[in-house]
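In case you want the letters, here they are:
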Amino acid sequence: MDVEECPPEKINGDQRIGFDVSDDTAHQISHDPWYQAAFVLTTGVNSAYVLGYSGSIMVPLGWIAGTVGLVLAAAISLYANALLARLHEVGGKRHIRYRDLAGHIYGRKIYYLTWALQYINLFMINTGYIILAGQALKAIFVLNRDDAVLKLPYCIAIAGVVCAMFAFGIPHLSALRVWLGLSTFFSLIYIVTAFVLSLRDGINTPSRDYSIPGSKSSKTFSSIGAAASLVFAYNTGMLPEIQATVKPPVLKNMQKALSFQFTAGVLPLYAVTFMGYWAYGSSSSTYLLNSVNGPPWVKVTANIAAFLQTVIALHIFASPTYEYLDTKYGRNKGGAFSFHNLSFRIIVRGSYVAITTLVAALLPFLGDFMSLTGALSTFPLTFVLANHMYLMVKRNKLTALQRAWHWLNVCVFSCLSAAAAVAAFRLIAVDSKTYHLFADL
């Protein structure tokens, strides 16, 4: 597929491109093979978040809508990400950050708006990861002791310390390498464990309720929130940053990575989501390992794997923030582990993880974070902006039907984003009445 070579002064006649930035970075780019980018993508898809999809997606939607929604969301997400990948080079310039691409096409104001949306998205994803890591630690503790000494906020604080220490030692996204293989291994441990134990529970408990819980109004809001979780499941919100790490030919290699993500990469997600819902029905929890029955040592192993995988996944979604800070303030001529660079990472990344951990401990409502993240940033970044940017860059090569299709996507996903945001805020308001700050869920 060809990439539009727009002149750097114009898009669509006399419309001037108002803003451009340097692709200079303190991190490593154009270095990784396609399969490393594929493992980065699948690490996000099969992170410990998958343990919550039975409860957060299938329970509000039911079998038919939930199954169709998961498959349809995957197809739409693949299409939107493929569009975005094809915009990696516009105007004869390679854009290594999402905000750089938006700024090149729209100008300074949209550059900053895109930047804000993306960092809200990544911050909320990382907040969810800290909550997940804390839940895994608490589950390990509960399996070994029956008292309530170690509460969830304490577990979240411990998780934050471990995540910060990991961030100090990994200077950039490309440096993950072997950690991505370990992440896949950890993912398989908790996914296979949850799948097998759920299967056993489902066989031993033949009677299950699959009705959608709640009143008519709550069902409507829950369904809209679940739609936001659907798109959250497949999308990183940082595709240009991941694509920047890939070696040439960039577009071809990124297409391989996306193909892997949306074929083999999504199978574990489907397996554990459908099995969890089949086994527990409308009583499925938002952390499946809390629902399954089995030998304590097996559940402890699965929770340890979930905790470790979450530490790695958080680093991926924090990497755009780290890249900006390292490039803007922390770059030094010394190596990645020189005193200056290491101390800078300790101070700056430690502060970022500390803030994330504080928010996670204050509001540990994982399902609400997934819905709100999907509504406020995943919808606009992945679907609305990707389709509109493609229209702006390619419009002279598109037929009238193709232009109508992209405009339809822009309008539909804008409306869905607004509706999902209302539903997510309602969920947070309801949960805030039920749980106090620093709740021990």
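Cut-off values and rules
Residues numbered from 1 in each chain as written. Predicted model: local features only at pLDDT ≥ 70, side-chain atom pairs only at ≥ 80, totals over all residues. Heavy atoms only, no water. Helix = DSSP H or I, 4+ residues; strand = E, 2+ residues; numbered from the N terminus. Rg over C-alpha atoms; globule rule 2.2 N^0.38 Å. Buried < 20%, exposed > 50% of the residue type's maximum accessible area, 1.4 Å probe, protein only. Axes fitted to C-alpha atoms, helices over the stretch in contact; angles between N-to-C directions. Left-handed = near helix turned anticlockwise from the far one by under 90°. Contact = heavy atoms within 4.5 Å. Nonpolar A, V, L, I, M, F, W, Y, C, P; charged D, E, K, R; others polar. Salt bridge = Lys/Arg side-chain N within 4 Å of Asp/Glu carboxyl O. Core = buried A, V, L, I, M, F, W, Y, C linked by side-chain atoms within 4.5 Å. pLDDT = per-residue confidence, 0-100. Phe/Tyr/Trp six-rings, centres within 6.5 Å; stacked < 30°, edge-to-face > 60°. Lys NZ or Arg CZ within 6 Å of the ring centre and 35° of its normal. Expected span 1.5 Å × (residues − 1). Polar contact = N/O pair within 3.5 Å; in protein donor to acceptor, adjacent residues only side chain to side chain. Patch = residues over 30% accessible without salt bridge, like charges linked within 9 Å, V, L, I, M, F, W, Y side chains within 5 Å. Areas by Shrake-Rupley, 256 points an atom, 1.4 Å probe, with all protein chains shown as cover.

**Remarks on the overall build of the chain**
Right, so step 1: Of regular secondary structure, the chain possesses 14 helices and four strands.
Right, so step 2: In terms of overall dimensions, the chain is globule-like: its C-alpha atoms have a radius of gyration of 22 Å, near the 22 Å expected for 441 residues.
Right, so step 3: Dimensions of the chain, computed from the C-alpha atoms along their principal axes, are close to 65 × 55 × 40 Å.
Right, so step 4: The buried share of the chain, reckoned over its 441 residues, is 57%.

**Section: the packing of helix α4 (residues 108-144) against helix α5 (residues 152-169)**
Right, so step 1: Look at α4 against α5: their axes get within 8 Å of each other, and the N-to-C directions meet at 115 degrees. Judged by the twist between their axes, the crossing of α4 over α5 is right-handed. Only L152, C155, I156, I158, A159, G160 and C163 of α5 make contact with α4, whose side of the interface consists of I130, I131, A133, G134, Q135, L137 and K138.
Right, so step 2: Looking at the contact of α4 with α5 residue by residue, the classes come out as 10 nonpolar, three polar and one charged.

**Details of the pattern of salt bridges**
Right, so step 1: All told, the structure shown has three salt bridges when counted by the stated rule.
Right, so step 2: The shortest N-O distance in the salt bridge between R97 and E323 comes to 2.8 Å. In this pair, R97 sits in the loop between β4 (93-94) and α3 (98-106) while E323 sits in helix α11 (residues 296-330), placing the two residues 226 residues apart along the sequence.
Right, so step 3: On the basis of relative accessibility, which here comes to 10%, the residue E323 falls in the buried class.
Right, so step 4: Residue D326 is joined to R349 by a salt bridge in which the shortest nitrogen-to-oxygen separation is 2.8 Å.

**A few points about the nonpolar core**
Right, so step 1: By size, the foremost hydrophobic cluster in this structure holds 107 residues, and its most contacted members are L51, Y190, Y234, L269 and M389.
Right, so step 2: Residue contributions to this core peak at 14 residues, all from α11.
Right, so step 3: Formed by 11 residues, the second largest nonpolar core is a distinct cluster that contains A228, F379, F383 and F413.

**Overview of the confidence of the model for the chain**
Right, so step 1: Per-residue confidence for the chain gives a mean pLDDT of 87; residues scoring 70 or more make up 90%.
Right, so step 2: Below a pLDDT of 50 lies the segment residues 1-18, which in the model reaches 45 contacts outside its immediate sequence neighbourhood of four places, other chains included.

**Side note on the packing of aromatic side chains**
Right, so step 1: Evaluated as defined, the whole model comprises 25 aromatic pairs.
Right, so step 2: Clustering of aromatic rings is evident, with ring pairs tying together Y111, Y112, W115, Y119, Y324 and Y329.
Right, so step 3: Across from the ring centre of W115, 4.5 Å away, lies the NZ or CZ of R99, which sits over that ring.
Right, so step 4: Here the basic side chain of R208 rests over the ring of W278, its NZ or CZ set 4.5 Å away from the ring centre.

**Things to note about helix α10 (residues 267-280)**
Right, so step 1: Between the first and last C-alpha of α10 there are 20 Å, a value that for 14 residues agrees with the 20 Å anticipated at 1.5 Å per step.
Right, so step 2: By the burial criterion, the buried members of α10 are L269, Y270, V272, T273, M275, G276, Y277, A279 and Y280.
Right, so step 3: On its buried face, α10 is in contact with α1 (34-45), α2 (53-86), α6 (178-204) and α7 (216-234).

**Description of the environment of F123**
Right, so step 1: Looking at where F123 falls in the secondary structure, it is placed in helix α4.
Right, so step 2: When near neighbours in sequence (up to four residues on either side) are disregarded, F123 contacts Y352, I355, T356 and V359.

**Quick word on the side chain of T193**
Right, so step 1: Examined against the element boundaries, T193 turns out to sit in helix α6.
Right, so step 2: A residue is classified by how much of its surface remains accessible, and T193, at 13% relative accessible area, is buried.
Right, so step 3: Engagement of the side chain of T193 in a polar contact is seen with the backbone oxygen of I189, the distance being 2.7 Å.
Right, so step 4: Apart from residues no more than four positions distant in its own chain, T193 is found in contact with L188, V298 and A302.

**Looking at a nonpolar patch on the surface**
Right, so step 1: Where nonpolar side chains cluster on the molecular surface, the patch consists of Y79, W405, L408, V412 and L416 and spans about 430 Å² of accessible area.
Right, so step 2: When residues of the nonpolar patch are assigned to their parent elements, the largest contribution, four residues, is made by helix α14 (residues 400-434).
Right, so step 3: Within the secondary structure, L408 is located in helix α14.
Right, so step 4: Since its relative accessible area comes to 46%, L408 is described here as partly exposed.

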